[in-house]
Amino acid sequence: MSTSLQHLFENNRTWAQSMVRQDPAYFSRLASQQNPKYLWIGCSDSRVPANQITGLDPGEVFVHRNVANLVVHSDLNALSVIQYAVDALKVEHIMVVGHYGCGGVLAAARGMRVGLADNWLRHVQDVHLRHRQRLNHLAQAELETALCEMNVIEQVGNVALSNVMQDAWSRGQKVTVHGWIYGLDNGLVKDLGVSMSHAGEVVDVFRNAFKRYPRGGMLPAA
């Protein structure tokens, strides 16, 4: 027996009517153009809604989401979104946004089997493996927190090194890539300090970002 979804249609009508009451031209304006300044690349987790978190209307942020907010060089879906956002929409900022307690990252960190998604999460496991000297000496909770952050940093690097971004920067287009992480427990976004606005700074920003995570037995860099 199927469950009725009528309440969702009712919610939709209530929402649409409330928007028109607040702004009679709201939907006609949205329908006529899409002119966002921002591309949000985030996790599919339903608790991390891009528009609500940033206080932006639907037409103000272009959104791509997948499990564990990954940007993989063979993923034509993500790369097509980035290209359309950069080349057609002329976004000025790309935010790669992870979140603490990400189920995909936790599964990779704990070696959990989840099914078909295990193949996708190998990319997170690769991040763990690449930075194991900065992670494996940590207590499990600290490791998982750090891996959520490191995964964002790695994906920022993947965006920056994509041919879309390299071509945009080479022609002088002003577009910056940022790495953020969201706290489910407090609703706040944290800037991970890995913003990149031209090709010449990618390597240094990327390398320096990981120095905040000392290797086992080492003190943090001054």
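The structure we're discussing is the one just above.
Residues numbered from 1 in each chain as written. Predicted model: local features only at pLDDT ≥ 70, side-chain atom pairs only at ≥ 80, totals over all residues. Heavy atoms only, no water.

Draft legend 1. Representation of the packing of helix α5 (residues 103–110) against helix α8 (residues 140–160). Between α5 and α8, the least distance of the axes is 10 Å, while the angle of their chain directions is 125 degrees. Relative to α8, α5 is oriented oblique. In the crossing of α5 with α8, the sense of the turn from one axis to the other is right-handed. From α5, Val-105, Leu-106, Ala-109 and Arg-110 reach across to α8, where they touch Gln-140, Leu-143, Glu-144, Leu-147, Cys-148 and Asn-151. When its residues are assigned to classes, the contact of α5 with α8 shows 6 nonpolar, 2 polar and 2 charged. (Axes fitted to C-alpha atoms, helices over the stretch in contact; angles between N-to-C directions. Helix = DSSP H or I, 4+ residues; strand = E, 2+ residues; numbered from the N terminus. Parallel < 35°, antiparallel > 145°, perpendicular 65-115°, else oblique. Left-handed = near helix turned anticlockwise from the far one by under 90°. Contact = heavy atoms within 4.5 Å. Nonpolar A, V, L, I, M, F, W, Y, C, P; charged D, E, K, R; others polar.)

Draft legend 2. A look at the pairing of strand β3 (residues 93–99). The element β3 is largely enclosed, with a buried count of 6 among its 7 residues. Pairing of strand β1 (residues 38–43) with β3, which is carried by 5 bridges, proceeds in the parallel orientation. Residue pairing in the sheet places Trp-40 in a bridge with Met-95 of β3. With 7 bridges connecting them, β3 and strand β4 (residues 176–182) associate as parallel partners. Bridge pairing in β4 links Gly-98 to Ile-181. (Buried < 20%, exposed > 50% of the residue type's maximum accessible area, 1.4 Å probe, protein only. Pairing = 2+ DSSP bridges.)

Draft legend 3. Fine view of unusual backbone geometry. The phi angle at Ala-68 is positive, at roughly 70 degrees, despite the residue not being glycine. Summarising the element assignment, Ala-68 is placed in the loop between β2 (61–66) and α4 (76–88). Residue Ala-68 is classed as buried on the basis of its relative accessible area of 0%. Its identity as a non-glycine residue notwithstanding, Asn-69 has a phi of 45 degrees, on the positive side. As for its placement among the helices and strands, Asn-69 is situated in the loop between β2 and α4. With relative accessibility at 1%, the residue Asn-69 sits in the buried group.

Draft legend 4. Spatial organisation of the pattern of salt bridges. The final tally for this structure, using the stated rule, is 8 salt bridges. Among the salt bridges present, the one from Arg-171 reaches Asp-87, with a minimum N-O distance of 2.7 Å. Separated by 84 residues along the polypeptide, Arg-171 in the loop between α9 (163–170) and β4 and Asp-87 in helix α4 bring together distant segments of the chain. Accessibility expressed as a relative area gives 28% for Asp-87, which makes it partly exposed. Put simply, Arg-207 and Asp-204 hold a salt bridge, and the shortest N to O gap is 3.0 Å. Of this pair, Arg-207 and Asp-204 both sit in helix α10 (residues 202–209), 3 residues apart, which is roughly one turn of that helix. (Salt bridge = Lys/Arg side-chain N within 4 Å of Asp/Glu carboxyl O.)

By themselves, these observations are geometric and do not establish any function.
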